[in-house]
Amino acid sequence: MQYILNSPHFGRGPAPEHTMELMVDQNAVVAAKGDTHKRLRAALNIGFTSSAVRNYQPIFERVAEKMTEQLSKCSGSLTDLYPILSRAALSAISEAVLGCSVRDLGEAFVANNERIVSLSSCQSSTQILVDAIASRLPKMVRGAVMYLPIAAFKVLRAVKSLADQIGRRAIAEKLAAAQQGANMRTDVFGMLYFVRLKSRHAVNPEQSDLKKNGLTEQELVAQTGILMIAGQDTVTNTLVFGCLELARHPEFQHQLRAEIHASRRGPLSTFAYETHWCPKETLRLYPPEAIHERITVQDTVIPLADGIKNSKGEVMNHIPVQKGQVVLVAIASYQRLQSRWGEDAHQFRPSRWVDGTIEQGQAVGPYANLLSFLGGPRVCLGWRFAILEMQVFFSELIGEFSFSLPEDDSLRTLYANMLILVTPSGEKAAPLYITRI
Ligand code: HEM
């Protein structure tokens, strides 16, 4: 997996490549390739370092409090967590990335964004098949297909155009804030715009590092759509699965609540959130992107850490792959390997993170040896952002509410481009009993 994710012999697979083409601006980091991708990543990273992300903590806390107000209205009843948690995740991104509230995004954008999220995470088998076939069509044909009067394509076109407008407005606001001497480093766009302004005022811009690191306004605007989409459903689903598992395991829920209440008695710092194991164990069992598709761009061999026996009984230490061959990185399977995570790898057991069950091996991903955020040059740009956000949200959710299962725990997991929770009839929903403590 490390080899596939880090080697230039593998590119993004045809189906995800097609999805990116449809969903985001061609200058978005996720669509960029080679040196352009490296440059955009380096520039954007300024807004996603550990210290940058700590600046967003007060935003996450404020959004979490609003989420509590909403959930409190449902106390004592069976409540679908999806709408409230999804709205909270969108608020966190719009405030911490763009510096504006969800209301400022406008109803049309919010409605379309929600539809795009459900398009990408709740596809039927037929839709997935159609996407896979469409992704094999020549690029020109794929571009033309986008203009067919199909409802899904209308949503995609609308989101692209609205994201562009919102991005432009955010940049205009940053410029006005800079002219008034306001602190700009409270959100991602503010930080990036600050770097851009500094680069323009550098004494010798051609030689300045800042010049190298800055984005053009057009490039900055182009990131709006992907940042708004990438962090909403991924975070929402992780929160939902975490609450579900804690409802299934009241002993862990009580333990986590006691830890949260104890940490609140001390000084409230980022450290207080770091003690929580909930995001780790949830991301291990339920990585939103369970399977990652790559395509071999040049004949190569994949080296194997542990040899495997082929049908002739011979031990193979590598697998040859040919140009054009699609390779699947089975993230969810890796994260349930007994050799790596213990005999009970299929169970939700947070103590594995502290009792020595997990051997420290070669790091495959950026966080806790998990591949949920992928690895290599395409590793999730927002992983630190997501972790702190989820730690704050889990603290609020478990600190303020108790969660229990409906009478029959018939909820199940469905993989439809992303792992989601569904009812027996296949409807995306997370009905749990919640009670305000
Ligand atoms: C639980 C939360 C999250 C998970 C599990 C997650 C996972 C991932 C994965 C697996 C990828 C690689 C996708 C691919 O190449 O096919 C990715 C890319 C990306 N993620 Fe995340 N993500 C999360 C939250 C976020 C957040 C909150 C943001 C931003 C605020 C974000 C921004 C991005 C961006 C911009 C990329 C594209 C990076 C590139 O192509 O260089 N993600 N994420």
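Treat the numbers as computed from the prediction; the structure is a model and nothing was measured. (Residues numbered from 1 in each chain as written. Predicted model: local features only at pLDDT ≥ 70, side-chain atom pairs only at ≥ 80, totals over all residues. Heavy atoms only, no water.)

A. Representation of the coordination of the iron atom of the ligand within the structure. Its sole protein donor being Cys 380 (SG), the iron atom of the ligand sits 2.3 Å from that atom. Along the chain, Cys 380 turns up in the loop between α21 (338–341) and α22 (383–400). (Donors = N, O, S within 2.8 Å, 3.2 Å for Na, K, Ca; no water. Helix = DSSP H or I, 4+ residues; strand = E, 2+ residues; numbered from the N terminus.)

B. Main features of the pairing of strand β6 (residues 326–330). The side-chain alternation of β6 yields one buried face, formed by Val 327 and Val 329, and one unburied face, formed by Val 326, Leu 328 and Ala 330. One ladder, built from 5 bridges, connects strand β3 (residues 291–296) with β6; its direction is antiparallel. Directly across from Ile 291, in β6, lies its bridge partner Ala 330. (Buried < 20%, exposed > 50% of the residue type's maximum accessible area, 1.4 Å probe, protein only. Pairing = 2+ DSSP bridges.)

C. Main features of the nonpolar core. Grouped together as the largest cluster of nonpolar side chains are 124 residues, with contacts concentrated most on Leu 81 and Phe 403. For this core, the element with the highest residue contribution is helix α6 (residues 81–98), accounting for 12 residues. Ignoring sequence-local partners within four residues, the contact set of Leu 81 consists of Leu 71, Val 240, Cys 243, Phe 403, Ala 430, Leu 432 and Ile 434. (Core = buried A, V, L, I, M, F, W, Y, C linked by side-chain atoms within 4.5 Å. Contact = heavy atoms within 4.5 Å.)

D. Highlighting the pattern of salt bridges. Counted under the stated rule, the structure contains 16 salt bridges. The residue Glu 245 makes a salt bridge to Arg 248 at a minimum N-O spacing of 3.4 Å. With Glu 245 and Arg 248 both in helix α16 (residues 232–248) and 3 residues apart, the pair spans about one turn of that helix. Residue classification places Arg 248 among the partly exposed residues on the basis of a relative accessible area of 28%. Here Arg 349 and Asp 355 are joined by a salt bridge, their closest N and O atoms 2.9 Å apart. By relative accessible area, Asp 355 is classed as partly exposed at 45%. (Salt bridge = Lys/Arg side-chain N within 4 Å of Asp/Glu carboxyl O.)

E. Region of the structure containing unusual backbone geometry. In this model, Ala 368 sits at a positive phi of 55°, which is unusual for a non-glycine residue. Mapped onto the elements of the fold, Ala 368 is located in the loop between α21 and α22. Phi is positive for Leu 374, close to 65°, though the residue is something other than glycine. Assignment of secondary structure puts Leu 374 in the loop between α21 and α22.

F. Broad picture of the UniProt feature "binding site: heme" (unreviewed entry) in the protein chain. Mapped onto this structure's residue numbering, the UniProt feature "binding site: heme" (unreviewed entry) falls at Cys 380. Among the residues examined, Cys 380 registers a relative accessible area of 29% and is labelled partly exposed. If we skip the residues at most four places from it in the chain, Cys 380 touches Arg 41 and Phe 373. (UniProt positions renumbered as here; feature names shortened; annotations may be inferred.)

G. Main features of the site of the ligand. By nearness alone, 25 residues border the ligand, and His 37, Arg 41, Glu 289, Arg 378 and Cys 380 come closest of all. A distance of 2.7 Å is found between an oxygen atom of the ligand and a side-chain nitrogen or oxygen belonging to His 37. Between an oxygen atom of the ligand and a side-chain N or O atom of Arg 378, the distance comes to 3.0 Å. Mapped onto the shell around the ligand, the elements with two or more residues apiece are α3 (34–45), α15 (224–230), α16 and α22. Class assignment for the residues of the shell around the ligand results in 14 nonpolar, 7 polar and 4 charged. (Near = heavy atom within 4 Å. Polar contact = N/O pair within 3.5 Å; in protein donor to acceptor, adjacent residues only side chain to side chain. Nonpolar A, V, L, I, M, F, W, Y, C, P; charged D, E, K, R; others polar.)

H. Molecular detail of the pairing of β3. Here strand β1 (residues 10–12) runs beside β3; their pairing, made up of 3 bridges, is antiparallel. Considered in β3, the bridge of Arg 12 is made with Arg 294.

I. Spotlight on the packing of aromatic side chains. Applying the stated criterion across every chain yields a total of 11 aromatic pairs. Aromatic pair Tyr 3 and Phe 10: ring centres 6.1 Å apart, planes at 85°, arrangement edge-to-face. When the centroid spacing of 6.3 Å and the interplanar angle of 75° are considered together, the rings of Tyr 367 and Phe 373 count as edge-to-face. On the basis of relative accessibility, which here comes to 9%, the residue Phe 373 falls in the buried class. A network of ring pairs unites the aromatic residues Phe 48, Tyr 56, Phe 60 and Phe 385 as a single cluster. When the ring centre of Tyr 82 is taken as origin, the NZ or CZ atom of Lys 428, which lies over that ring, is 4.6 Å away. Here the guanidinium or amino end of Arg 436 rests over the ring plane of Phe 401, the centre of that ring lying 5.6 Å away. (Phe/Tyr/Trp six-rings, centres within 6.5 Å; stacked < 30°, edge-to-face > 60°. Lys NZ or Arg CZ within 6 Å of the ring centre and 35° of its normal.)

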